[in-house]
Amino acid sequence: MAKISYVDGLYLHYKDSKIHIEDRGYHFGDAVYEVVMFNEGIFFDYNEHIKRLLRSLKSLDIELPISTNSLKIIINNVIKKNRIVFGSVYIQVSRGVAQRNHSYKNLTLKPIIIISTTEKNKDYLNNFVGVSAITLNDNRWARPDIKTTQLLPNILAKTIADKKSAYEAIFIDQYDYITEGSSSNIWIVNYDNQLITRNLDGQILSGITRNSVKKCAMKNNIKVLERKFSKHELLTAKEVFLTSATSFVTPIVKIDNSSINNGLIGELSCSLRELYLKAMKSSN
Ligand code: PDD
């Protein structure tokens, strides 16, 4: 387990890494976050993650209290202090600490940055299996495009999946279209060999991995259709996979009670995973 984290200006041992009880992130989920993978000194899509962090902050009217250069130095320091070669880094910025009050209009607030890192086993990079998923109604707030720590519907959904030994919960909107996973974007390949993922219509997070996989596909002359697709299309797809920073491209071979591709990992899912991981070897 990583021993040192960064909390509001200090590098602290894990047991001392605490935030104030009146941090608005704790009270209200009034905070944003990013998760970035790294391997041997190379971050996976670092700049894109930081750009999204800044977008999320802007959407919530929070200002990053340090420069992005300083942020990168701190992130590298945390990784170095923990001597981690392969893992993920978690960055969270909350609006700050103040006596509990829903409105922040007249509050003097200094955003609080916390950074921690988690080591991952290298097997995680190379070995993968087809996973199962369940579907659930999407009951999140209307701005899932902002990456906030306010994740109650997501964690409840993931726990329901977990209790059913499924890896992911896939959200379905009120019109029976797939939005995204509780912590991932969802893709299908249909029997016309069309590669489809939902368009960025504000109902999903603009996944950084989603965008990189899209670029990998396009570079290899694989067309990506960005459009809504229904639960029926999902369950009758030839291949289904999810993308996220920590799961890369992970094939889904069972959803609810339906097998996808007879429970076998699809070819395109495999190729895209390879292409993605190859691209990340020379990422930033
Ligand atoms: N989750 N959609 C949701 C709701 C997510 O929480 C995530 C990522 C994604 C994929 O985004 P990206 O490719 O940028 O990781 C889509 C992270 C990994 C998490 O919460 O741990």
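Scroll up a little and you will see the structure.
Residues numbered from 1 in each chain as written. Predicted model: local features only at pLDDT ≥ 70, side-chain atom pairs only at ≥ 80, totals over all residues. Heavy atoms only, no water.

## Looking at the site of the ligand
- What surrounds the ligand is a group of 20 residues, the closest being Tyr33, Glu180, Ile208, Thr209 and Ala245.
- One of the side-chain nitrogen or oxygen atoms of Arg52 is found 2.8 Å away from an oxygen atom of the ligand.
- Contact between the ligand and Ile208: an oxygen atom at 2.8 Å from a main-chain N or O atom of the residue.
- Taken by itself the ligand offers 470 Å² of open surface, and the protein chains cover 90% of this.
- Spatially, the ligand is embedded in the largest pocket.
- Elements represented by at least two residues in the shell around the ligand include exactly strand S3 (31–39), helix H2 (46–59), strand S9 (178–181), helix H6 (208–219) and strand S13 (239–244).
- Looking at side-chain class alone, the shell around the ligand contains five nonpolar, twelve polar and three charged residues. (Near = heavy atom within 4 Å. Polar contact = N/O pair within 3.5 Å; in protein donor to acceptor, adjacent residues only side chain to side chain. Areas by Shrake-Rupley, 256 points an atom, 1.4 Å probe, with all protein chains shown as cover. 1 Å grid on protein atoms, 1.4 Å probe; cavity = no way out; pocket = protein on both sides within 12 Å on 5 of 7 lines; lining within 4 Å. Sits in = over half its atoms within 2 Å of the grid points. Helix = DSSP H or I, 4+ residues; strand = E, 2+ residues; numbered from the N terminus. Nonpolar A, V, L, I, M, F, W, Y, C, P; charged D, E, K, R; others polar.)

## Some words on the pattern of salt bridges
- Within this structure, the stated rule accounts for 16 salt bridges.
- Here Lys110 ties to Asp8 by a salt bridge, and the two come within 2.7 Å at their closest N and O atoms. Here Lys110, found in the loop between strand S5 (86–94) and strand S6 (112–119), pairs with Asp8, found in the loop between strand S1 (4–7) and strand S2 (10–13); they are 102 residues apart in sequence, far enough to count as distant.
- Classification of Lys110 by relative accessible area gives partly exposed; the value is 48%.
- Note that Glu180 and Arg140 form a salt bridge whose closest N and O atoms lie 2.8 Å from each other. (Salt bridge = Lys/Arg side-chain N within 4 Å of Asp/Glu carboxyl O. Buried < 20%, exposed > 50% of the residue type's maximum accessible area, 1.4 Å probe, protein only.)

## Observations concerning the packing of H6 against helix H8 (residues 267–280)
- Contact geometry for H6 and H8: axes closest at 9 Å, N-to-C directions at 105°. It follows that H6 is roughly perpendicular to H8 by the angle criterion. Within the contact between the two elements, H6 uses Thr209, Ser212, Val213, Cys216 and Ala217 and H8 uses Leu272, Leu275, Tyr276, Ala279 and Met280.
- Of the residues in the contact of H6 with H8, the class split is eight nonpolar, two polar and no charged. (Axes fitted to C-alpha atoms, helices over the stretch in contact; angles between N-to-C directions. Parallel < 35°, antiparallel > 145°, perpendicular 65-115°, else oblique. Contact = heavy atoms within 4.5 Å.)

Interpretation note: all reported values are geometric properties and have no functional meaning in isolation.
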